[in-house]
2 protein chains.
Amino acid sequence: MTGSLSIVGLGPGGPAHRTRAAEDAVRDAQVVLGYGGYLASCTDLTGAHQNLVSSEIGAEQQRAEDAVRAAAGGARVALVSSGDAGIYGMASLALTAAAALPPARRPAVRVVPGVTAAIAAGALLGAPLARDFACLTLSDLLASWEAVEIRLRAVAAADLVLALYNPRSRGRAWQLGRARDILAEYRSGDTPVGLVTDAGRAGEQVEITTLAALNPERAGMHTVVIVGAGGTSRLGDWLVTARSLSASR
Amino acid sequence: MTGSLSIVGLGPGGPAHRTRAAEDAVRDAQVVLGYGGYLASCTDLTGAHQNLVSSEIGAEQQRAEDAVRAAAGGARVALVSSGDAGIYGMASLALTAAAALPPARRPAVRVVPGVTAAIAAGALLGAPLARDFACLTLSDLLASWEAVEIRLRAVAAADLVLALYNPRSRGRAWQLGRARDILAEYRSGDTPVGLVTDAGRAGEQVEITTLAALNPERAGMHTVVIVGAGGTSRLGDWLVTARSLSASR
């Protein structure tokens, strides 16, 4: 008999922004798989009676296959991601691996939604995502930079608010500066920009700046950068996008 | 002394996809304001000791001002939205109202993030939002249709997955069909499309179709429509977008 696989988004940080369904799925699992840092963020939900399988960043494909294999073998399995597992997370890989099995061997799979990093960052900044936005990743590990740049230009031209995931890492130092320069071809230098690092975790940082003043070195692996659009303004300590859209935009 | 205002996203439906922080904010409030349907969805968190202020759809501006006034007057206030309050929700209006007060009268305001409808819909469909997507509203109550159409064309041309909020209501019957026809200028008729209605609520419906076969009458006030991109395919009962992006896209 096949088991079940829950692909779980743990939200941005600790317990405060986790959903009940996510907590229940981890608590009820016999096997919990995830990147070590994500398993460490939910030790309040796991115990010695569970099989906790930790793996490295970069081992996503193997982790997805391991999770599906354990569930196909009869176990109740939880595969955890931070944020939402469907957005730059593990759900795509795990569902693809499950669909590759013959129907009789496929475990029951469900995706348990979570608060993604852009939403957590938006809440800390105010309401920058209040009307129409795009999420783009600046990682070119799974894409050419040319393909990323085409998307950046399209979003910039359409005056959408933009949430940038994976803006910078040790191995990818220049992409955010290049993205800033591209956006500056379409938007004025005083366009408000928010940077949120480690939302909901120890060391949380929130910074509001402008497109012209955006310093890529302020961003890291755990930063989301939100670039405003025509309707976005700075109100006191908040970044707020108007819900109405003027015809000229 | 001023009080505090929590602008709370309750998630897509009942308790399962609410966060702890959202639940705590509603439980701890002295005054809870919201559209009647949203107050009804969190009666497990509220009680007779609280002042529950229900208002109608369309009264958002008044509700935001009432919430800020109550908090400025010294109360602990929760203003509730479904989904995430920052995305087509109450946060933009309430922060704007709070920022309009003189600093000495401004209450402490925080936004408590929630699972927005696109994420809830994505989880029920599989992993359609796995790489780069845009959220657009088809409502032209606060925008001209021309402005909406410009954004639709930009997103369609950039091959982003698209989550459509407010695709159809009694008073807005033709917009979704028009959006479908515009998208079909850029994407093939067999592009997978998912419709999720009342995610997490009684009567939840999940449907997978194609752009060519998309029937606007299948959508209503509580539907999110997710239109796939080049990397999106139907795998069994799931809609899945690949995490990698080929150079040709």
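Quick caveat, the model's predicted, so the values are computed rather than measured.

To continue, consider the sheet that holds strand β5 (residues 108–112) of chain A. All names here are of chain A. As summarised here, the arrangement of the 5 strands in space is β3-β2-β4-β1-β5, forming an open sheet in which the pairing is parallel. Edge positions in the sheet fall to β3 (51–55) and β5, since each has one partner strand and no second. This sheet shows a mean twist of 15° between the axes of neighbouring strands, independent of strand direction. Strand direction decides the pairing type here: strand β2 (residues 31–35) and strand β4 (residues 76–81), joined by 3 bridges, are parallel. Bridged to leucine 33 within β4 is leucine 79. Packed on one face of the sheet, helix α1 (residues 20–28) meets β1 (4–9), β2, β4 and β5 and runs near 135° to β1.

Our next topic: the packing of aromatic side chains. Going through the model one piece at a time under the given rule, you end up with 6 aromatic pairs over all chains. Measuring from centroid to centroid gives 5.0 Å for tyrosine 35 of chain A and tyrosine 38 of chain A, while their planes differ by 80°, and the two rings are edge-to-face. On the basis of relative accessible area, tyrosine 35 of chain A is assigned to the partly exposed category, the value being 26%. Note on tyrosine 38 of chain A: relative accessible area 23%, which makes it partly exposed. Their ring planes at 50° and their centres at 4.8 Å tell us that tyrosine 88 of chain B and tyrosine 165 of chain B sit as a pair that is tilted. Remark: tyrosine 165 of chain B occurs in strand β8 (residues 161–165) and tyrosine 88 of chain B occurs in the loop between β4 (76–81) and α4 (91–99); sequence separation between them is 77 residues. By relative accessible area, which is 18% here, tyrosine 88 of chain B ends up buried. With a relative accessible area of 7%, tyrosine 165 of chain B lands in the buried category.

About the criteria used
Residues numbered from 1 in each chain as written. Chains lettered and ligands numbered in written order. Predicted model: local features only at pLDDT ≥ 70, side-chain atom pairs only at ≥ 80, totals over all residues. Heavy atoms only, no water. Pairing = 2+ DSSP bridges. Helix = DSSP H or I, 4+ residues; strand = E, 2+ residues; numbered from the N terminus. Axes fitted to C-alpha atoms, helices over the stretch in contact; angles between N-to-C directions. Contact = heavy atoms within 4.5 Å. Phe/Tyr/Trp six-rings, centres within 6.5 Å; stacked < 30°, edge-to-face > 60°. Buried < 20%, exposed > 50% of the residue type's maximum accessible area, 1.4 Å probe, protein only.

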